[in-house]
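Next come the chains, spelled out residue by residue.
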Amino acid sequence: MKKAFKEICYGPVRPPRQHWPMEPVSLTDETMELWKEKVLTAMKHQGLEVLCIYADREHGGNFGYLTGFEPRFEEAVLVLHQDGTAFLLLGNESLRMGSYCRLPNTVIHVPHFSLPNQPMETAYSLKELFAQANLSPGIITGIVGWKLFTSTHDCNRQLYEIPSFLVDCIQEITGSKAARNAGELFLHPDTGVRVTNTANEIAHFEYGASLASDCVLRAMDEIAVGKTELAVADFLGAYGQPNNVQTICATGERFTNAEVAPRRKEICLGDPFSLTMGLRGGLTSRAGYVAARREDLPEKAADYMEKLAIPYFAAAVNWYETICIGMTGGALYETIEHVIPRAEYGWSLNPGHLTSSEEWLASPVFKDSGIPLKSGMMLQMDILPKRVGYGGANAEDGIVLADRTLQQELAREYPRVWQRMCERKRYMKEELGITLKDEVFPLSDAAGYYRPWLLKKSHAFYKEI
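These notes cover the structure that comes with them. (Residues numbered from 1 in each chain as written. Predicted model: local features only at pLDDT ≥ 70, side-chain atom pairs only at ≥ 80, totals over all residues. Heavy atoms only, no water.)

## Quick word on the pairing of strand β2 (residues 50-55)
1) Next: Counting buried residues along β2, six of its six residues qualify, which places the element largely inside the surrounding structure.
2) Next: Across the two faces of β2 the burial is the same, with Val50, Cys52 and Tyr54 and Leu51, Ile53 and Ala55 all buried.
3) Next: Summarising the sheet, β2 and strand β3 (residues 76-81) pair through six bridges and their orientation is antiparallel. Its bridge partner lying in β3, Leu51 is registered against Leu80.
4) Next: Direction of pairing for β2 relative to strand β6 (residues 141-144): parallel, over a ladder of four bridges. Following the sheet pairing, Leu51 is matched in β6 by Gly142. (Buried < 20%, exposed > 50% of the residue type's maximum accessible area, 1.4 Å probe, protein only. Helix = DSSP H or I, 4+ residues; strand = E, 2+ residues; numbered from the N terminus. Pairing = 2+ DSSP bridges.)

Here it is as structure tokens:
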């Protein structure tokens, strides 16, 4: 058995404190101005004269980065020129947001973005409306949606993840050679403007990460044989905060009848079970078995601890204890590959990724990645091993990397946020045996805490010191 596995113990563990922060931290005017200047500087470096930034209900992060809001149900486009001039193209029910936008702007009513069969009373075509945003032939235009294409077989700058009727319109005005995908300006895991965060941003996003983890911890304590998914899922909500992923509360076989939301399905002894909740700033996920001892498991999965849960937790411990400012994403990838080789344990996605208002912003963590991890990056510990015949093993949470200067800013400007992060760090060391580097701070209360047998509520994994 690997040394990393031998260090993992299972026994009585004091659960983490649930802080339930009551005061969301708003983004300041200084932060919004900084974001705008970062984008305008990046535009100049990339030779872009204008950006057309698309948003809808699911994909509003890049748009919201500059405006402060994301569409509730309509589509929208922000047209930003290199001199800072901004036009907001909004549908019927978003028009009033122009006056609340954090970016000085001119509103253009585009009823094409409204819901089906709402009034489309306009004297202008879509092309004419876009032209009102000072788009013109030959103007070098970046089109931004929400993806970062990295295909080795396609021209990534000519792949677009926004509706074709908008791409066609923009290219018809500017000329197809003058327009290209510019998502990397926001999302590139090394140079993107959104990959590092200030103290204000971290405090803003820590609120959601903390609440999501507290909801999952609360829901874990509600799991019991005979309850339904709905009964447990009722605890996965906090103060009306918006989710950034589908909430999962699933017992037994998942996704039957293609249903992904919680159902009125009864929890049975020996079921695999998974919980996931994500809010702006972070996601917490847990997967294990509805069991209190080995004998409660299905016979074919009786060795779940040895085959999957212990190796997974060993990898998680190594992730937490290894990550630091300056290491490359490739080095972090190899850390996980060394502990639980991909070929044996079946994980396929990046073992760690950046998070923001979106659950998954981008990732510097991939094979041979030379991208250095930086102060201000918020990252999820996200490793998903799979073995045929076994339920999942998962204990996903987020951390932030903060150098001494950023630590001092957090402590001075957001003492309650700073205190929570420091308490979590002490808990991980003192109770779980996980020692984080000086610059690593947990964003969620549940970080490192993993109960593979969900009915054994007094016991969890820890690392022997």
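## Details of the environment of Leu126
1) Next: Of note, Leu126 is situated in helix α4 (residues 126-131).
2) Next: For Leu126, a relative accessible area of 12% corresponds to the buried category.
3) Next: Residues Leu126 and Phe165, spaced 39 residues apart in sequence, show a C-alpha to C-alpha distance of 9.2 Å.
4) Next: Ignoring any residue separated from it by four or fewer positions in sequence, one finds Leu126 in contact with Val110, His112, Phe165, Leu166 and Cys169. (Contact = heavy atoms within 4.5 Å.)

## Looking at the packing of helix α9 (residues 304-322) against helix α10 (residues 329-339)
1) Next: Two elements in contact, α9 and α10, have axes whose closest approach is 9 Å; the angle formed by their N-to-C orientations is 155 degrees. With respect to α10, the axis of α9 lies roughly antiparallel. The two elements α9 and α10 meet at a crossing, and its hand is right-handed. Touching Pro311, Ala314, Ala315, Asn318, Trp319 and Thr322 of α9 are Leu332, Thr335, Ile336 and Val339, all from α10.
2) Next: Taken together, the residues that form the contact of α9 with α10 break down as seven nonpolar, three polar and no charged. (Axes fitted to C-alpha atoms, helices over the stretch in contact; angles between N-to-C directions. Parallel < 35°, antiparallel > 145°, perpendicular 65-115°, else oblique. Left-handed = near helix turned anticlockwise from the far one by under 90°. Nonpolar A, V, L, I, M, F, W, Y, C, P; charged D, E, K, R; others polar.)

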